[in-house]
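Coordinate analysis (summary)
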Amino acid sequence: MSEATGDILLVEDEPDLARVMELALHREGYRVVRADTVEKALQLFRCGDWRAVLLDVMLPDGDGFSFCRIVRAEGFSTPILLVTARGAWQDRVEGLDLGADDYVTKPFVMEELLARVRAALRRAGGLENGEVLRAGDVVLHRKTRQVYRGGQTVTLRRKEFDLLELLLLQYPWVVSRETLIERVWGMDFFGDENILEVCIYQLRRKLEADGGFPIVHTVRGIGYCLREGGSVE
Ligand code: CA
């Protein structure tokens, strides 16, 4: 799943149309990943660092609006372009109200779609490198402070988030106890070293809640690191 990221997330369930769109976007140099359901789209979206989303409204397991509503509620500002049926002006109004940036109506001329994508990317500014950190199926969005495992939301407290962020920044290297305490607690540290163990315990509990394999590993006498499966002791 960690490889399934690119510039544009194309959410479209009509295979022929999706193929044509994908081809045209490829030719413009975009890396495109496709989803054909709302669920798949959310999962891919949360695991990636997308520049834009092209979003069909009528999907097999729901509509594009629910996708819009969810990702905007989670704090993402990634440009979303709706692809709506001709005449469905109510769809366009609803989509724009829910946080979509623009729309094209089917059937569209490919040149128009590409121009709208370029315009959306210009308005959004360039890529925000380093905003998304990842180890295996654990993904952390620094800007929105959202964490996902396997595409599912993981709710962390502030210190747990800071700790995970630090471990992800150093992944796969080991981070010493001293560094973690200093960087996560700093002035808030009152000499109780157990505070780190407690926080690591909570972090593991939350990350492994849905049966995920252990990812936070103890390196005895040194500190902690993230590793996909296996032990490092
Ligand atoms: Ca459709």
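These figures come from a predicted structure and were not determined experimentally.

Considering the overall build of the protein
In terms of regular secondary structure, the protein is built from eight helices and 14 strands. For the C-alpha atoms alone, the extent of the protein along its principal axes is close to 65 × 30 × 30 Å. Put simply, the protein has 233 residues, and 46% of those count as buried. Considering only contacts within the protein whose residues lie at least 6 apart along the sequence, 57% involve residues at least 24 apart. Counting only carbon and sulfur atoms, one obtains 50% of the accessible surface of the protein, whose full area is about 11,900 Å². Across the protein, the mean location of the 31 positive side-chain charges is 2 Å away from that of the 38 negative side-chain charges.

Brief notes about the packing of aromatic side chains
This model, assessed by the stated rule, comprises two aromatic pairs. On the numbers, 5.6 Å between centres and 85° between planes, the contact of Phe-45 with Phe-67 is edge-to-face. With a gap of 22 residues between them, Phe-45 in helix 2 (residues 38–46) and Phe-67 in helix 3 (residues 64–73) connect regions that are remote in the sequence. For the residue pair Phe-45 and Phe-67, the accessibility class agrees, reading buried in each case. Between Phe-45 and Phe-76, the ring centres sit 5.0 Å apart and the planes meet at 85°, which makes this aromatic pair edge-to-face. In this pair, Phe-45 is assigned in helix 2 and Phe-76 in the loop between helix 3 and strand 6 (80–85), connecting sequence segments 31 residues apart.

Section: the nonpolar core
Counting residues in hydrophobic clusters, the biggest one holds 27 residues, and the most contacted among them are Leu-163, Leu-164, Leu-180, Leu-196, Leu-207 and Val-216. At the level of elements, strand 8 (132–135), strand 9 (138–141), helix 6 (158–170), helix 7 (177–184), helix 8 (194–207) and strand 14 (223–226) are the ones that each hand at least two residues to this core. If one sorts the elements of this core by residue count, helix 6 sits on top with six residues. Here Leu-180 is in contact with Leu-163, Leu-166, Leu-167, Val-175, Trp-185, Leu-196 and Tyr-224, once residues within four sequence places are set aside. With 23 residues, the next largest nonpolar core counts Phe-45, Leu-55, Phe-67 and Phe-76 among its residues.

Considerations on the coordination of the calcium ion
Expected angles at a metal are 109.5 degrees for tetrahedral coordination by four donors and either 90 or 180 degrees for octahedral coordination by six donors. Distances from the calcium ion to its protein donors, namely Asp-13 (OD), Asp-56 (OD) and Met-58 (O), fall within the range 2.1 to 2.3 Å. Taken in chain order, the donor set of the calcium ion reads D-x42-D-x1-M. Residue Asp-13 is located in the loop between strand 1 (8–11) and helix 1 (15–27), and its partner Met-58 is located in strand 4 (residues 58–59); the two are separated by 45 residues in the primary sequence. Met-58 gets classed as exposed once you look at its relative accessible area, which sits at 63%.

As for the domain arrangement of the protein
Here the protein is described as being made up of domain 1 (8–124) and domain 2 (132–226). Placing a centre on the C-alpha atoms of domain 1 and another on those of domain 2 gives a separation of 33 Å. Each partner contributes to the interface: domain 1 provides ten residues, whereas domain 2 provides eleven residues. Summed over both sides, the interface of domain 1 with domain 2 buries roughly 880 Å², with 48% coming from carbon and sulfur. Viewed at the interface, domain 2 and domain 1 are joined by zero salt bridges. At the junction of domain 1 with domain 2, the criterion picks out six residue pairs in polar contact (both at pLDDT 80 or more). Along the lines of polarity and charge, the residues of the side of domain 1 that touches domain 2 split into three nonpolar, four polar and three charged.

Basis of the calculations
Residues numbered from 1 in each chain as written. Predicted model: local features only at pLDDT ≥ 70, side-chain atom pairs only at ≥ 80, totals over all residues. Heavy atoms only, no water. Helix = DSSP H or I, 4+ residues; strand = E, 2+ residues; numbered from the N terminus. Buried < 20%, exposed > 50% of the residue type's maximum accessible area, 1.4 Å probe, protein only. Contact = heavy atoms within 4.5 Å. Areas by Shrake-Rupley, 256 points an atom, 1.4 Å probe, with all protein chains shown as cover. Lys, Arg positive; Asp, Glu negative; His and termini not counted. Charge placed at Lys NZ, Arg CZ, Asp CG, Glu CD. Phe/Tyr/Trp six-rings, centres within 6.5 Å; stacked < 30°, edge-to-face > 60°. Core = buried A, V, L, I, M, F, W, Y, C linked by side-chain atoms within 4.5 Å. Donors = N, O, S within 2.8 Å, 3.2 Å for Na, K, Ca; no water. Domains from an automatic or database assignment. Buried area = accessible area lost by both parts, 1.4 Å probe. Salt bridge = Lys/Arg side-chain N within 4 Å of Asp/Glu carboxyl O. Polar contact = N/O pair within 3.5 Å; in protein donor to acceptor, adjacent residues only side chain to side chain. Nonpolar A, V, L, I, M, F, W, Y, C, P; charged D, E, K, R; others polar.

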